[in-house]
Amino acid sequence: MTTTTDLTPLLAGLRQIVGDANVLTEGDLTGYEQDWRKRARGHALAVVRPATTPEVSAVVKACAAAGVSLVPQGGNTGLVSGSTPDESGRQVVLSLARMAAIREIDPDNLTVTVEAGCVLQNLQQAMEKEGFLFPLSLAAEGSCMIGGNLATNAGGTQVLRYGNARELCLGLEVVNAQGEVWNGLTGLRKDNTGYDLRNLFVGSEGTLGVITAATMKLFPLPAATLTAWAAVPSMQSAVALLGLAQKHLGANLTGFEAMGQFALSLVGKHMPQLRVPFLGDESAPYCVLLENSDSESEEHARAQFERLLETAFDQGVVSDAVVAENIGQANVLWHIRESIPMAQSEEGLNVKHDISVPVSKIAEFVEVTDAILREAIPGVRLVNFGHLGDGNLHYNVQAPENGDPKAFLRDEEERINDLVYRSVASFDGSFSAEHGVGGMKVDKLEEYEAPAALAMMRAIKHALDPQNTMNPGRMLAA
Ligand code: FAD
C-alpha cells in the first residue's frame, strides 16, 4: 500500500492536467466532503475539477496508475451517501461542475447534447427559451446535475408521463475506469447493436465510469399546464383517483403526488406563510396534487379537469378540490409539496425511506406497515408522501412527539428499516425506488437482491473496473 506522501507526484500530475486552481486540497471542502443529509462526512485527498472530457480521461488514467480511487460528483444532492469520499483521505473527488456546456440542440430530432455538470434547472430553463420542454423535474433541480441525474437514474415528479432519467436518455459519453473515452452520443431512438452500454452506465452511481455528456430527449412545450389539489378520504381513494385521472387525461396527466395530513401539518407548522389547502381536514387523511399538461389550450385543460373532478366527487373518491387559477397559484401548490422534506428536517432527525410497490398494492401496504410501526413504537409519527402515480412513496418515520430525535435515530433506525423493508418485500416492492444504493444501502442490496442478480452485478463491476477504483464500496459490497 502506498503512503500519503507517495501521492505527492499524483497531485502534481493532476495539477498539470487541470491547473493548480482546480485541484483543491485546502480550505473549506465541506460542500464536497459532506453529503446533503449530513449523514456522511469524509476527507478527500483532493477535489479535482476538470473542464473537458480529455481532462477527465487524463485524471482517471493518472489516478488508476497511482491506484487511487475516484468519487465522481455532480451537485452532491444524492440522498444515499454515494457522492462523498470515505474517511481515508486517499480518494479523489472528481467534480463535474466545470463541464456545464450545452453542446448541441437538434430541433428536428428533438434532442439536446449536454455536459454532465450542467445543473438540471439551467438545462430546463435553456430549453424552455428554445421552445422545448426538458421534463426531468425534482426538488433538488437547482443544484443537481445531469451527470448525477443519470448516474442515479433520477425520477422526480414527471415520471408518470415522461419516465425516469433513463427513459429520457438516448446517448452517453463516458470515461471508463481505464480512462478511455466512449463516445456513445447518439440521438437514435432505435439502435439494436450489441449490449446496451448506455443503460449499464445509467443508474451505476459512479461505480463503472464517469459520465461526461449525454444526449437527452426534448418535448414540445405544452400549451397549458394546470394544477389541482384534491382532498381524498383514503389512500385507496387516491389510487382510484389516479385511475380516473389516467382515463380522463390520458398522456396529459404529468403529475400525481399524494401527501398525508401529518406530512402537510409539518409544512403548516414550520412554514406558516404557506397556506396548505384542506390542512387538518379529518375527513381527508390524504391530499393529492394533480398536474394536467395540455397541448391544446387552457380552456381545454380546465374542462378536462372539471369533468374528472365531477366524476371523482360522484364516485366519492374526492371530498373537496381546488384548481389553481394561474401559474402563481400552481407554483404555490407545488412549493407546498416540495417543502415537505425541509419541514420534516425542521421537525428533527427522522428515518427516511424511498420505496415503491405496485400501485395496486399501495393502499394495503400503507395500512399494514402503519399498523406494524405503530405497534412496534407507540406514538411514532408517519410522514407519508410521494409520487403515487409511480407507486413511489417517501415513507418516513419521525420520533414520537417530545421524543429525542437523535436518540430515536440511534436506537430505532435499524429496527424501523427492517420492519419497513420486510413489509415492502412482502408487497413485491423495492427498498430504493429513486435514490439508489450509494454507501447507505449496500447491506440492503445484499439482503434483498436475488443471488443470481448480485453475481451478475459483481461480474459487470469486475469486468469494467477490475482495479475497483470507481467509487469503491458504493452499491456493491467489496
Ligand atoms: P451527486 O449527489 O453528486 O451524485 C450521486 C451519485 O451519482 C453518486 O454515486 C456519484 O458518484 C454519482 N455521479 C454523479 N455524477 C456522476 C457522473 N458525472 N458520472 C458518474 N457518476 C456520477 N431524486 C430523485 O430521483 N427524485 C426526486 O424527486 C428527488 N428529490 C430530491 C429532493 C431533494 C431536496 C434532494 C436533496 C434530493 C432529491 N433527490 C431526488 C436525490 C438527488 O437529487 C438525485 O439523486 C440527483 O439525481 C443527484 O444528482 P447530483 O448531481 O446531485 O449527484
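Preceding block: the structure.
Parameters and conventions
- Residues numbered from 1 in each chain as written.
- Predicted model: local features only at pLDDT ≥ 70, side-chain atom pairs only at ≥ 80, totals over all residues.
- Heavy atoms only, no water.
- Near = heavy atom within 4 Å.
- Polar contact = N/O pair within 3.5 Å; in protein donor to acceptor, adjacent residues only side chain to side chain.
- Areas by Shrake-Rupley, 256 points an atom, 1.4 Å probe, with all protein chains shown as cover.
- Helix = DSSP H or I, 4+ residues; strand = E, 2+ residues; numbered from the N terminus.
- Nonpolar A, V, L, I, M, F, W, Y, C, P; charged D, E, K, R; others polar.
- Axes fitted to C-alpha atoms, helices over the stretch in contact; angles between N-to-C directions.
- Left-handed = near helix turned anticlockwise from the far one by under 90°.
- Contact = heavy atoms within 4.5 Å.
- Pairing = 2+ DSSP bridges.

Draft legend 1. Summary view of the site of the ligand. As a structural note, the neighbourhood of the ligand is formed by 35 residues, with Pro72, Gly74, Gly75, Thr77 and Gly78 the closest of them. One nitrogen or oxygen atom from the side chain of glutamate 434 is found 2.9 Å from a nitrogen atom belonging to the ligand. For the ligand, whose unbound accessible area comes to 970 Å², protein coverage reaches 95%. Of all the elements in the fold, those that place two or more residues in the shell around the ligand are strand S3 (70–73), helix H5 (146–151) and strand S10 (209–217). Considering each element in turn, the shell around the ligand owes the most residues, four residues, to H5. Within the shell around the ligand, the residues separate by chemical class into 14 nonpolar, 19 polar and two charged.

Draft legend 2. Local environment of the packing of helix H9 (residues 235–249) against helix H11 (residues 298–314). One can describe the packing of H9 onto H11 by two numbers: an axis separation of 10 Å at closest approach and a directional angle of 145°. Pair H9 / H11 crosses with right-handed handedness. Facing Leu241, Leu244, Ala245, His248 and Leu249 of H9, the residues of H11 in contact are Gln304, Phe305, Arg307, Leu308, Thr311 and Ala312. Along the lines of polarity and charge, the residues of the contact of H9 with H11 split into seven nonpolar, three polar and one charged.

Draft legend 3. Representation of the side chain of glutamine 261 in the model. With respect to the helices, strands and loops of the structure, glutamine 261 is situated in helix H10 (residues 261–270). Dropping the residues within four chain positions of it, glutamine 261 is found in contact with Phe278, Leu279, Gly280, Asp281, Ala284, Pro285 and Cys287.

Draft legend 4. Representation of the environment of glutamate 347. Along the chain, the position of glutamate 347 falls in helix H13 (residues 340–347). Sequence separation between glutamate 347 and proline 72 is 275 residues, and the spatial gap between their C-alpha atoms is 32 Å. When near neighbours in sequence (up to four residues on either side) are disregarded, glutamate 347 contacts Leu266, Lys269, His270, Arg381 and Gln398. In terms of polar contacts, glutamate 347 uses its side chain to reach the side chain of lysine 269, at 2.9 Å. At a separation of 2.6 Å, a polar atom in the side chain of glutamate 347 contacts the side chain of histidine 270.

Draft legend 5. Focus on the sheet that holds strand S1 (residues 23–24). Ordered by their spatial adjacency, four strands build an open sheet running S1-S2-S4-S3, and the pairing between neighbours is mixed. Because the sheet does not close on itself, it has two edges, and the strands there are S1 and S3. Bridge count for S3 against strand S4 (residues 91–95) is four bridges, and the pairing is parallel. Among the inter-strand pairings, glutamine 73 is bridged to a residue of S4, identified as serine 95. Of the strands in this sheet, S1, strand S2 (44–48) and S4 are in contact with helix H1 (residues 8–18), which crosses S2 at around 10°.

Draft legend 6. Inspection of the pairing of strand S9 (residues 181–184) at higher detail. Across four bridges, the pairing between strand S8 (residues 169–176) and S9 is antiparallel. Across the sheet, the residue bridging to valine 175 is valine 181, located in S9. If you look at the hairpin formed by S8 and S9, you'll find four residues sitting between the two strands, and glycine 179 has a positive phi there, around 90°.

These figures come from the coordinates and say nothing about function on their own.
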